[in-house]
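Remarks on the overall topology
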Amino acid sequence: MTESTARQVNGEQIVYVITSLAMGGAQKVLLGLLANPQLKEPPPLVISLLKTEGVQAEFANLGVEVFYLELEKPKLLFKKLRELKCLIAKRPIKLIYSFLHHANLFAILLATICAKPRPAVIWGLHDTPLKGLYTRYQHRLLFWLSARLSKLPKKIILVSERSRQRYIEVGYPADSMELIPNGVAVPALQAAQTNADRQAVRAELGLASEAILIGSLTRAVPEKDLPLMLAAFAHLAPTQDLHLVLVGEGVDSNNADLQAQISSLQLQNRVHCLGIRHDPQRLIRSFDIATLSSRSEAFPLFLVEAMALGIPCVATDVGDIALIFGGKGVLQPAGDLTGLAQAWQEVLNWSALKRQQQIEQAWQHIHAHFSLERMQQHHLTVFAELIQACESNQAWNMRMHHKRC
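Okay, so let's go over this structure.

So, how was this worked out
- Along every chain, residues carry numbers that run from 1 in the direction the sequence is written.
- pLDDT decides what is reported in this predicted model: residues at 70 or higher carry local features, side-chain atom pairs at 80 or more are listed and counted, and totals for whole chains, interfaces and linings draw on all residues regardless.
- Hydrogen atoms and water are omitted, and side-chain values are computed over all heavy atoms in the structure.
- Think of it this way: any DSSP run of H or I at least four residues long counts as a helix, any run of E at least two long counts as a strand, and we number them from the N terminus.
- Radius of gyration means the value over C-alpha atoms here, while the globule rule gives 2.2 Å times the residue count to the 0.38 power.
- Categorising residues by exposure relies on relative accessible area from a 1.4 Å probe, with only protein chains included: less than 20% of the type maximum marks a residue as buried, more than 50% marks it as exposed, and the intermediate range marks it as partly exposed.
- Only heavy atoms enter the contact rule, under which two residues are in contact if any of them lie within 4.5 Å.
- The protein chains shown are the only cover counted for residues, whose accessible areas, like all others here, come from Shrake-Rupley with a 1.4 Å probe.
- Strands were regarded as paired on the criterion that DSSP finds at least two bridges between them.
- To obtain an axis, a line is fitted to C-alpha atoms, over the contacting stretch when the element is a helix, and the angle between two such axes runs from 0 to 180 degrees between their N-to-C directions.
- Assignment of crossover handedness uses the view with strands pointing away from the viewer, where a clockwise path from the first strand over the helix to the second indicates a right-handed crossover.
- The salt bridge criterion pairs a side-chain nitrogen of Lys or Arg with a carboxyl oxygen of Asp or Glu, the two atoms within 4 Å.
- Each aromatic pair joins two rings of Phe, Tyr and Trp (for Trp, the six-membered one) with centres within 6.5 Å, and gets the label stacked for planes under 30 degrees apart, edge-to-face for over 60, and tilted for any other angle.
- Placement of a charge over a ring requires the Lys NZ or Arg CZ to be within 6 Å of the ring centre, with the centre-to-atom vector within 35 degrees of the ring normal.
- Definition of nonpolar core: a set of buried residues of the types Ala, Val, Leu, Ile, Met, Phe, Trp, Tyr and Cys, connected through side-chain atoms within 4.5 Å.

**Details of the overall build of the protein**
Counting its secondary structure elements, the protein contains 17 helices and 13 strands. The C-alpha atoms of the protein give a radius of gyration of 22 Å, which matches the 22 Å a tight globule of 405 residues would have. With the C-alpha coordinates of the protein rotated into their principal frame, the extents come out at 85 × 45 × 40 Å. Residues classed as buried in the protein amount to 53% of the 405 residues present. Within the protein, counting contacts between residues at least 6 apart in sequence, those at least 24 apart form 71% of the total. Approximately 18200 Å² of the protein is accessible, and the part contributed by carbon and sulfur atoms is 54%.

In structure tokens, the structure reads:
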């Protein structure tokens, strides 16, 4: 992207729409994008459909203005829409960039209530729509409607090649798609910080300093297949001082189904459900292994973060996880309970030398291919091209108007 093109993009020209600010991959991508200095000034506007606990503090630290539509309170809808219309009327908005299916549909509605010339809409897709994944009627209806309206956005940004292929199969337009893999900040490996975090987290959990932690930043949703992870963990837990740490939305003591399975496997003292946390890097550094047991993914940012922080990874071969690993992590087929347990044990059996070699190779791979800077620059290029196209089209319409007059 040339310097002159880059200057066409600033924080006031783009409004972002997301389902909620609950902790998740899409929210982390948006935070990473808004950390770019070019998109922070003037302060950008983020519209959250729901007012859910999560990463509000992180958005506030970036100086982001957040408007909550509060769809969980239907009686407020028309009042909130009027407030939002007044808010966006004060901004020279040229692009609406939305994340996740509910937000994508709302972005189409939002574009229609904006003053002319209407802004271009960009959809962000962060999942892989496998057959049978959407079990609830409402989700199937949402997916069907999204597919029917998918020709309306000017651009559809995906984070995974497998996801792109699957969306094309269900009818999304290939010519609108742009593949932008997620990226993370890749700090230098810090052995002292890692050791400090390891000891601090073990002390917090009341564990011995030598305890082994297998950790997962995840969510309590079917596609993450937490029952498989727990069953696989039950194979290893009795043999050593081994603990499973689960972090994320719905992964807490209030999840009755999750707690019932933990009890049935007699893992009450081995599995630690921490729920939503605001110290993900500290937790990741404390893990001996970072893991996912998913049966569906697009491009899980958690694994990228773990490799960037020097933590060996084990995961199921879904989405673009094989691309993320680049041969520097251990893959197992989805649904293979025994294979997942064996993969964990394989990593735990590595010598100190092999573990260090794997850590350094994984870090180099992430630094070369999935850095935050690469992701930001790719987005800026897309934004600049769409803004330039919109301005050219507006200029053409203005010339035609003058000719008619």
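**Points about the sheet that holds strand 9 (residues 242-247)**
Taking strand neighbours across the sheet as the criterion, the six strands line up as 10-9-8-11-12-13 in an open arrangement whose pairing is parallel. Each having just a single partner strand, strand 10 (271-275) and strand 13 (330-332) make up the two edges of the open sheet. Across the sheet, the axes of successive neighbouring strands diverge by a mean angle of 20 degrees, strand direction being ignored. Where strand 8 (residues 212-217) and strand 9 come together, six bridges link them in parallel fashion. Paired with Ser216 across the strands is Leu246, a residue of strand 9.

**What about the pairing of strand 10?**
Among the five residues that make up strand 10, four are buried, leaving the element largely enclosed by the rest of the structure. Where strand 9 meets strand 10, four bridges bridge the pair, whose relative direction is parallel. Opposite Val247, over in strand 10, you have Gly275 as the bridge partner. Regarding topology, helix 11 (residues 256-264) serves as the crossover connection from strand 9 to the parallel strand 10, and that connection is right-handed.

**Notes on the pattern of salt bridges**
A full pass over the atoms with the stated rule returns 17 salt bridges. Between Glu178 and Lys155 there is a salt bridge, with the nearest N and O atoms lying 3.5 Å from each other. Of this pair, Glu178 sits in strand 7 (residues 177-179) while Lys155 is found in strand 6 (residues 155-158), placing the two residues 23 residues apart along the sequence. Judged by relative accessible area, which is 21%, Glu178 ranks as partly exposed.

**Description of the environment of Leu258**
In this fold, Leu258 is placed in helix 11. Overall, Leu258 belongs to the buried group, its relative accessible area being 7%. Separated by 232 residues in sequence, Leu258 and Ala26 have C-alpha atoms that sit 24 Å apart. Dropping the residues within four chain positions of it, Leu258 is found in contact with Leu226, Leu230, Val251, Asp252 and Cys273.

**A look at the packing of aromatic side chains**
Scanning the model with the defined rule gives seven aromatic pairs in all. For the pair Tyr97 and Phe383, a centre-to-centre distance of 5.7 Å together with 70 degrees between the ring planes defines the contact as edge-to-face. A residue pair is termed long-range when its members are at least 10 positions apart, and Tyr97 in strand 4 (residues 95-99) and Phe383 in helix 17 (residues 372-404) qualify at 286 residues. For the pair shown, Tyr97 and Phe383 are each scored as buried. With centroids separated by 4.7 Å and ring planes inclined at 70 degrees, the aromatic side chains of Tyr167 and Tyr172 adopt a geometry described as edge-to-face. Its relative accessible area of 2% is what places Tyr172 among the buried residues. Here the aromatic residues Tyr16, Tyr97, Phe99 and Phe383 are joined through ring pairs into a cluster of three or more. The ring of Phe67 carries the charged tip of Lys80 above its face, separated from the ring centre by 5.2 Å.

**Let's talk about the nonpolar core**
Counting 72 residues, the largest nonpolar core has Tyr16 and Phe383 as its most contacted members. Element by element, the count of residues in this core is highest for helix 17, at nine residues. When neighbours within four sequence positions are excluded, Tyr16 is seen to be in contact with Leu30, Leu33, Leu34, Leu39, Pro44, Leu45, Val46, Ile47, Tyr97, Phe99 and Phe383. The next biggest cluster of nonpolar side chains, apart from the first, holds 32 residues, and it includes Val17, Ile88, Cys114 and Tyr167.

**Section: unusual backbone geometry**
Pro42 follows Glu41 through a cis peptide bond whose omega is -10 degrees. When you line up the elements, Pro42 lands in the loop between helix 3 (37-40) and strand 2 (45-48). Even without glycine at this site, Glu70 takes up a positive phi of about 55 degrees. With respect to the helices and strands, Glu70 occurs in the loop between strand 3 (65-68) and helix 5 (77-89). By relative accessible area, Glu70 is classed as buried at 9%. Of note, the phi angle at Gln266 is positive, near 55 degrees, even though the residue is not glycine. Looking at the element boundaries, Gln266 is found in the loop between helix 11 and strand 10.

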